[in-house]
Amino acid sequence: NTMLKSYSILSAAIILLCASSVVQAQDAITNFAVEYTVTGDNPTVNNTDGDFLSYSYKDSKMSMILVNKMVDLKMVYDGEAKKGILLNSMQSGATKIASLLNEKALAHDNSNVVVSDLEGSKRILGYKCSKAQVTLKDKTIDVWYAPKLKPYNFDFEGYFFSQLDGFPLMMVETSKDGVLTSTATKVSLDLADNVFDQKVPQGYKTISFEQLNGGKK
C-alpha cells in the first residue's frame, strides 16, 4: 500500500505534533512554524527524496504538513478542544481520506525511549541549538534542538521529545531502513489561521484513525 509506505514519516510527525511538556521560559517563542527538507540515503526503502515537512504551533493549535512524490498529508490538532483531523491525499488523486483524531489516536508508548544530552552546539537558521540523542527500540535519532522555540504543553504521553529543552531543527534518524535526515530550511513567526482549519474538504472519504492504521490503536 503506497500510502502506508509513508507511515514512518507520519509516525514521526505525530510524535512531534504532541507538543513539548517542558516548562516555558518567559522569553521562549511558543507560536511558530518550521519547514524542513527530508532526505534519505535509500529512497527506494524509506520513500523520501527531498520531501517537504512543516510543523506549526499557535496557542493550543498545531499543524503538520508532509508532501512527497506519492502523498500529501496534513494533520491539525487542537490540544484544548482535544480533537483534530488527518487528511491523506495520493498525488495521483485516486485516494482522498480524512481521519478524525482524539487523544487516543495520538497516544504513544514511550516506555522504551531514552534521551541523552550530548556535547556540542551550533546555529541553525540563526537559532543556537543543543544536541541530544533519542534511542528507541528500533532506531536512534540525533537531534539538534533550539531552546528558544518551545510549543505550549498539550500533555500527551507520546511526545518523547518532551525531555528536550526546545524544538528540533535538525534530526538524523538511523534504523534498519537507512538514514532519514530532516533539516529545517525556514522558521516563521507569522502564522495564517487557515493552517489550523479542521474542515473536511470536498471529495474526501471520512474513516476512523483505527481504520487508517490497519486496525491498530
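To start, this report covers the structure provided alongside it. Just so it is clear, the structure is predicted and the values come from calculations on it, not from any experiment.

1. Regarding the overall build of the chain
Right, on to step 1. The helix and strand inventory of the chain stands at 4 helices and 12 strands.
Right, on to step 2. Counting only residues that meet the buried cut, the chain has 47% of its 217 residues in that class.
Right, on to step 3. In the chain, 57% of the contacts between residues at least 6 apart in sequence involve partners at least 24 apart.
Right, on to step 4. When the accessible surface of the chain is summed, it comes to about 10,600 Å², and 47% of that surface belongs to carbon and sulfur atoms.

2. Quick look at the pattern of salt bridges
Oppositely charged side chains may form a pair once their charged atoms are brought near each other.
Right, on to step 1. For the coordinates displayed, the defined rule picks out 5 salt bridges.
Right, on to step 2. Residue Asp27 pairs with Lys148 through a salt bridge whose shortest N-O separation is 4.0 Å. Of this pair, Asp27 sits in the loop between α1 (7–17) and β1 (32–40) while Lys148 sits in the loop between β9 (139–146) and β10 (167–175), placing them 121 residues apart in sequence.
Right, on to step 3. Measuring nitrogen to oxygen at the nearest pair gives 3.3 Å for the salt bridge that ties Lys139 to Glu173. With Lys139 in strand β9 and Glu173 in strand β10, this residue pair connects regions lying 34 residues apart in the sequence.
Right, on to step 4. For Glu173, a relative accessible area of 12% translates into the label buried.

3. Considering the nonpolar core
Right, on to step 1. Counting residues in each nonpolar core, the largest one holds 39 residues, and the members touching the most others are Val34, Tyr36, Leu149, Phe167 and Leu169.
Right, on to step 2. In terms of residue count, β9 provides more of this core than any other element does, 5 residues in total.
Right, on to step 3. Core analysis: the next-biggest nonpolar cluster, separate from the first, contains 7 residues, Ala33, Ile85, Leu191 and Phe196 among them.

4. Re the pairing of β9
Taken residue by residue, a regular strand's side chains alternate between the two faces of the sheet.
Right, on to step 1. Pairing analysis gives 6 bridges linking strand β8 (residues 127–135) to β9, with the strands arranged antiparallel. Residue Ala132 lies in a different strand from β9, and its bridge partner there is Val143.
Right, on to step 2. Between β8 and β9, which pair antiparallel and follow one another directly, the connecting turn spans 3 residues.

5. Regarding the environment of Lys148
Right, on to step 1. Overall, the relative accessible area of 36% leaves Lys148 in the partly exposed class.
Right, on to step 2. Sequence separation between Lys148 and Ala28 is 120 residues, and the spatial gap between their C-alpha atoms is 5.0 Å.
Right, on to step 3. Excluding residues within four positions of it along the chain, Lys148 makes contact with Asp27, Ala28, Ile29 and Tyr127.
Right, on to step 4. Of note is the side chain of Lys148, whose polar atom sits 3.2 Å from the backbone oxygen of Asp27.

6. Concerning the environment of Ile65
Right, on to step 1. Relative to the elements of secondary structure, Ile65 occurs in strand β3 (residues 61–67).
Right, on to step 2. Among the residues examined, Ile65 registers a relative accessible area of 23% and is labelled partly exposed.
Right, on to step 3. For the pair Ile65 and Leu87, spaced 22 residues apart in sequence, the C-alpha separation works out to 9.4 Å.
Right, on to step 4. With residues near it in sequence (within four places) discarded, Ile65 still touches Phe52, Leu53, Ser54, Leu73 and Lys74.

7. A few points about the packing of aromatic side chains
Right, on to step 1. Applying the stated criterion to the full structure yields 5 aromatic pairs.
Right, on to step 2. Ring centres 5.5 Å apart and planes at 45° place the aromatic pair Phe32 and Tyr57 in the tilted group. With Phe32 in strand β1 and Tyr57 in strand β2 (residues 49–58), the pair connects residues that are 25 residues apart, well separated along the chain. Each member of the pair, Phe32 as well as Tyr57, is classed as buried.

Scoring rules and cut-offs
- Residues numbered from 1 in each chain as written.
- Predicted model: local features only at pLDDT ≥ 70, side-chain atom pairs only at ≥ 80, totals over all residues.
- Heavy atoms only, no water.
- Helix = DSSP H or I, 4+ residues; strand = E, 2+ residues; numbered from the N terminus.
- Buried < 20%, exposed > 50% of the residue type's maximum accessible area, 1.4 Å probe, protein only.
- Contact = heavy atoms within 4.5 Å.
- Areas by Shrake-Rupley, 256 points an atom, 1.4 Å probe, with all protein chains shown as cover.
- Salt bridge = Lys/Arg side-chain N within 4 Å of Asp/Glu carboxyl O.
- Core = buried A, V, L, I, M, F, W, Y, C linked by side-chain atoms within 4.5 Å.
- Pairing = 2+ DSSP bridges.
- Polar contact = N/O pair within 3.5 Å; in protein donor to acceptor, adjacent residues only side chain to side chain.
- Phe/Tyr/Trp six-rings, centres within 6.5 Å; stacked < 30°, edge-to-face > 60°.

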